[in-house]
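Chain by chain, the residues:
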Amino acid sequence: MVVMAQVTFKDMMPWLIMANVIISILLLGLPDLLMKINDKVAKWISTEKIDKALNRERNIDLAIIKVRKTIGYISVLVALALAFTYFRM
């Protein structure tokens, strides 16, 4: 009999904070690297079938690049709020 450990939100909080900080730094400082990662992931996860079904393509990459600083700052604020909440628990 295998006993699975139950993972709580409090256990996951440091990992969520770390992932959020890393993504925020990439958005603010290295958008080209983030786009390269996106291109590689886009090859693994294709939305082509969905696009064909809806009969139009969607390209949000340029829109994200245009607002990357805003998204980055919001992401940093969320990371700080999560860290504050975690350390207050």
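Quick caveat, the model's predicted, so the values are computed rather than measured.

**Some points on a nonpolar patch on the surface**
- A contiguous nonpolar patch, built from V7, F9, M12 and L16 and spanning about 360 Å² of accessible area, is present on the exposed surface.
- Within the fold, F9 resides in helix α1 (residues 9-29).
- The exposure class assigned to F9 is partly exposed, which follows from its relative accessible area of 47%.

**Some remarks on the confidence of the model for the chain**
- Of all residues in the chain, 81% attain a pLDDT of 70 or more, and the chain-wide mean is 79.
- When pLDDT is averaged over each element of the chain, helix α5 (residues 68-88) comes out on top at 88 and helix α3 (residues 48-54) at the bottom at 69.

Reading guide: rules and limits
- Residues numbered from 1 in each chain as written.
- Predicted model: local features only at pLDDT ≥ 70, side-chain atom pairs only at ≥ 80, totals over all residues.
- Heavy atoms only, no water.
- Patch = residues over 30% accessible without salt bridge, like charges linked within 9 Å, V, L, I, M, F, W, Y side chains within 5 Å.
- Areas by Shrake-Rupley, 256 points an atom, 1.4 Å probe, with all protein chains shown as cover.
- Salt bridge = Lys/Arg side-chain N within 4 Å of Asp/Glu carboxyl O.
- Helix = DSSP H or I, 4+ residues; strand = E, 2+ residues; numbered from the N terminus.
- Buried < 20%, exposed > 50% of the residue type's maximum accessible area, 1.4 Å probe, protein only.
- pLDDT = per-residue confidence, 0-100.

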